[in-house]
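Structural overview
Next come the chains, spelled out residue by residue.
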Amino acid sequence: MRGVFSLAKHPEHVLLEGVVPFPEHLAQLYREKGYWRGETIADMLFNSVERYFDRIAVIDGAESVTYAQLGQRVLSLSRGFQELGIGRFDRVVVQLPNVAAYFEVVFALFELGAVPVFALAAHRKAEIEYFCSFSEAKAYITVDKYGGFDYEALSVEIKAEVPTIENVIIVDVSNGLSRFSQLYQEPRCHELYCSPADVAFLQLSGGTTGKPKLIPRTHDDYLYTVRESARICGLSSGSVHLTSLPIAHNYTMSSPGILGCLFAGATTVLAHDGNPEIAFPLIEKHRITSASLVPPVALLWLNSPLVGEFDLSSLAVLQVGGAKLSEEAARRIKPVLGCRLQQVFGMAEGLVNYTRLDDEDEVVVTKQGLRISPDDEILVVDDDGVPVRNGQAGNLLVRGPYTIRGYYKAPDQNKKDFNPEGFYRTGDVVIQDDHGYLTVVGRKKDQINRGGEKVAPEEVENLLLSHAYVHDASVVGIPNDLLGEKVKAFVILKADADASEVTPFKLKKFLRTKGIAEFKVPDEFEIVEKFPETFVGKVSKKAQRNA
Ligand code: OOB
């Protein structure tokens with residue numbers, strides 16, 4: 001299947017409604033500097049297919065897929081999608097676990113210029129329905145059953161309730177892909193259906209508001225981070241990378257993630273879970289050279305009795321990010337696991353920082369990293385917006401060649417989350433050193449980081465408020481040794497509440513019936529008479545966190 005490229009040119013760029021574009025003079029600058037290369041994500045894949053033809057792109061259990069096979073399947077599946085009427089700019093909500101079919105589905109959509117909306121396997125009805133209706137999705141792609149959950153049953157409800165959904169596509173992971181494989185057609189060439197400046201997909205924000213915000217990333221801006229991440233993380237065609245975090249998360253996609261691996265000609269080994277019992281045998285078997293984890297999973301690796309039982313000697317780099325890794329844990333990585341640590345501090349909105357592979361150990365264990373691009377403009381400011389000196393803590397704002405200028409269809413929210421000069425207010429509190437390295441020291445946004453999984457308190461509070469006996473609710477993150485933070489809900493009951501109906505068990509059950517991801521369901525509840533207040537009369541979440 002060599003020579004899959006057609007000779008056509010990309011079509012003219014069209015701005016998707018609801019997307020805030022980069023200012024033209026900066027777009028031009030980013031092109032001149034070679035950051036934006038005029039290539040789509042599908043072009044990137046087919047370049048790699050040509051270069052790394054017979055090498056293994058993905059390993060999923062007993063299944064190994066070469067670059068050539070992947071390219072072939074993407075082209076044939078994209079024709080099937082096309083026959084269903086899916087094309088440029090059509091939004092398609094994709095909810096798949098860590099399976100090889102994810103690569104085919106997502107690249108077949110990229111090939112057509114369709115716009116995947118990346119849901120997590122953990123999302124449930126309330127979230128999926130919202131993503132489908134808010135993005136006016138034309139299709140929803142998921143699995144039949146997985147991890148004990150019936151996604152197919154969910155898809156029937158979604159199809160019935162969201163009028164824009166024309167097609168539900170089920171990847172049959174339980175019975176060997178049969179219904180899904182009917183979509184495969186005779187492949188053609190790789191065609192150019194979209195422009196590199198177009199929006200490539202919508203990623204989900206960690207969230208601070210009642211509903212997750214959608215993040216529009218372009219082919220041009222995303223591929224810049226992919227290429228640079230692959231370089232900074234030392235990926236080559238000999239690399240074998242373990243992917244155990246949720247596959248559609250920004251970290252897993254591009255830091256350096258599955259796209260970084262595909263760009264470099266490396267092999268991605270998929271795991272459904274990062275626990276040592278699953279990950280260590282895979283490292284030994286496939287001679288895995290790098291892996292990306294969140295801090296709680298890194299702690300499980302560090303404390304695992306299996307460390308001496310498996311040959312982990314191939315593992316050269318362990319990346320840890322998504323939440324703050326304690327310095328104490330960071331210092332143990334090299335002596336215990338025998339590999340180098342690379343800290344990753346990133347966000348789906350754009351900016352990603354890495355410690356570099358040749359940094360001194362002291363830097364690697366104490367800092368969360370240095371920005372990818374010399375043109376990432378970092379501002380660290382006090383609460384009045386005045387820049388603080390290096391070495392002092394302040395609010396992190398950023399603007400640059402791969403940081404969005406606004407959320408999708410969210411003009412009011414954008415006024416809050418972006419300053420008038422287009423800087424994104426990350427909500428993180430950091431200290432910058434004289435070399436530009438950042439240490440994350442806190443957070444100003446109302447968000448809980450439960451071991452890398454982000455929970456917007458407002459979303460959970462709103463659901464609790466819909467309970468007949470709940471007068472008021474306040475949800476906060478409380479310190480936890482393993483996860484960093486756990487979710488705790490303080491609840492004030494209505495005067496007529498039946499106490500037997502509002503036990504933690506029943507409140508959890510109530511939230512689950514509302515259809516939200518399990519990681520958002522509070523770990524703890526406390527029924528209180530009133531909430532502590534700040535001196536201006538607002539709920540003092542700080543006092544609740546430290547209660
Ligand atoms: C990654 O992306 P998101 O969008 O799920 O979450 C971003 C937020 C950051 O604003 C920060 O609050 C927190 O997660 N965070 C960290 C961190 N990495 C992310 N806080 C402290 N230390 C770190 N190392 O989480 C993400 C995206 C791309 C690469 C890596 C992580």
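Residues numbered from 1 in each chain as written. Predicted model: local features only at pLDDT ≥ 70, side-chain atom pairs only at ≥ 80, totals over all residues. Heavy atoms only, no water.

Details of the site of the ligand
Around the ligand there are 19 residues in total, and Val344, Ala348, Asp428, Lys445 and Lys454 lie nearest to it. Residue Lys445 places a side-chain N or O atom 2.8 Å away from an oxygen atom belonging to the ligand. For the ligand, whose accessible area on its own is 600 Å², the fraction buried by protein is 96%. In terms of residue count, the dominant contributor to the shell around the ligand is strand E15 (residues 340-347) (four residues). Among the residues forming the shell around the ligand, the class breakdown is seven nonpolar, eight polar and four charged. (Near = heavy atom within 4 Å. Polar contact = N/O pair within 3.5 Å; in protein donor to acceptor, adjacent residues only side chain to side chain. Areas by Shrake-Rupley, 256 points an atom, 1.4 Å probe, with all protein chains shown as cover. Helix = DSSP H or I, 4+ residues; strand = E, 2+ residues; numbered from the N terminus. Nonpolar A, V, L, I, M, F, W, Y, C, P; charged D, E, K, R; others polar.)

Remarks on the packing of helix H2 (residues 41-51) against helix H4 (residues 101-112)
One can describe the packing of H2 onto H4 by two numbers: an axis separation of 8 Å at closest approach and a directional angle of 115 degrees. Of the residues in H4, those touching H2 at Ile41, Ala42, Leu45 and Phe46 are Phe107, Phe110 and Glu111. (Axes fitted to C-alpha atoms, helices over the stretch in contact; angles between N-to-C directions. Contact = heavy atoms within 4.5 Å.)

Considering the pattern of salt bridges
Under the criterion given, the structure shown has 33 salt bridges. Across the pair Lys367 and Asp433 runs a salt bridge, and its minimum N-O distance is 3.0 Å. Of this pair, Lys367 sits in the loop between helix H14 (361-366) and strand E17 (370-371) while Asp433 sits in the loop between strand E20 (424-432) and strand E21 (438-443), and the two are 66 residues apart along the sequence. Each member of the pair, Lys367 together with Asp433, is buried. Via salt bridges that share partners, Lys125, Glu129, Glu157 and Glu161 belong to a single interconnected network. (Salt bridge = Lys/Arg side-chain N within 4 Å of Asp/Glu carboxyl O. Buried < 20%, exposed > 50% of the residue type's maximum accessible area, 1.4 Å probe, protein only.)

A closer look at the nonpolar core
Soluble globular proteins tend to bury their nonpolar side chains together. Leu242, Ile288, Trp301, Leu318, Ile333 and Leu337 are the most contacted members of the largest nonpolar core, which has 65 residues in total. Among the elements that make up this core, the one with the highest residue count is helix H12 (residues 295-302) (five residues). In contact with Ile288, other than residues within four places in its own chain, are Val240, Leu242, Val269, Leu282, Ile283, Ser314 and Leu315. Membership of the second largest hydrophobic core comes to 55 residues, among which are Leu70, Ile86, Tyr102 and Val105. (Core = buried A, V, L, I, M, F, W, Y, C linked by side-chain atoms within 4.5 Å.)

Brief notes about the layout of surface pockets
For the second largest pocket, the calculated volume is near 300 Å³. In this structure, the second largest pocket is lined by 23 residues; those nearest its centre are His13, Pro21, Phe22, Ala197 and Thr218. Among the elements of the structure, helix H1 (24-32), strand E10 (214-218) and helix H8 (219-232) are those that each provide at least two residues to the lining of the second largest pocket. (1 Å grid on protein atoms, 1.4 Å probe; cavity = no way out; pocket = protein on both sides within 12 Å on 5 of 7 lines; lining within 4 Å. Points joined across faces, edges and corners; volume = space filled by probe spheres on them.)

Observations concerning the environment of Leu464
Positionally, Leu464 belongs in helix H16 (residues 457-465). By relative accessible area, which is 0% here, Leu464 ends up buried. Each C-alpha atom, one on Leu464 and one on Leu507, is 8.1 Å from the other, the two residues being 43 residues apart in sequence. Contact partners of Leu464, with chain neighbours within four places excluded, come to Val470, Ala473, Val475, Ala489, Val491, Leu507, Phe510, Leu511 and Phe525.

Observations concerning the pairing of strand E14 (residues 317-321)
Among the five residues that make up E14, five are buried, leaving the element largely enclosed by the rest of the structure. Taking every second residue as pointing to the same face, both faces of E14 are buried, with Val317, Gln319 and Gly321 on one and Leu318 and Val320 on the other. Inspection of the sheet shows strand E13 (residues 290-293) paired to E14 by four bridges, in the parallel sense. Residue Leu293 lies in a different strand from E14, and its bridge partner there is Val320. With H12 bridging E13 and the parallel E14, this β-α-β connection has right-handed handedness. Strand direction decides the pairing type here: E14 and E15, joined by five bridges, are parallel. By the bridge assignment for E15, Leu318 is matched with Leu341. Handedness of the crossover joining E14 and E15 through helix H13 (residues 327-337) is recorded here as right-handed. (Pairing = 2+ DSSP bridges. Right-handed = clockwise from strand over helix to strand, strands pointing away.)

A look at the sheet that holds E17
With mixed pairing, nine strands are arranged side by side in an open sheet as E2-E1-E12-E11-E13-E14-E15-E16-E17. Across the chains shown, the open sheet's two edge strands, defined by having one partner strand only, are strand E2 (63-66) and E17. As judged from the four bridges shared by strand E1 (residues 56-60) and E2, these two strands associate in the antiparallel manner. Bridge pairing in E2 links Val58 to Val65. Docked against the sheet, H13 engages E14 and E15, running at close to 140 degrees with respect to E15.

Side note on the domain arrangement of the protein chain
The domain boundaries assigned to the protein chain delineate domain 1 (67-194), domain 2 (243-444) and domain 3 (447-545). When each unit is reduced to the centre of its C-alpha atoms, the spacing between domain 2 and domain 3 is 28 Å. Each side of the interface is counted separately: domain 2 has six residues, and domain 3 has ten residues. Summing both partners gives a buried area of about 660 Å² for domain 2 against domain 3, and 53% of it is carried by carbon and sulfur. Where domain 2 packs against domain 3, one counts one salt bridge. (Domains from an automatic or database assignment. Buried area = accessible area lost by both parts, 1.4 Å probe.)

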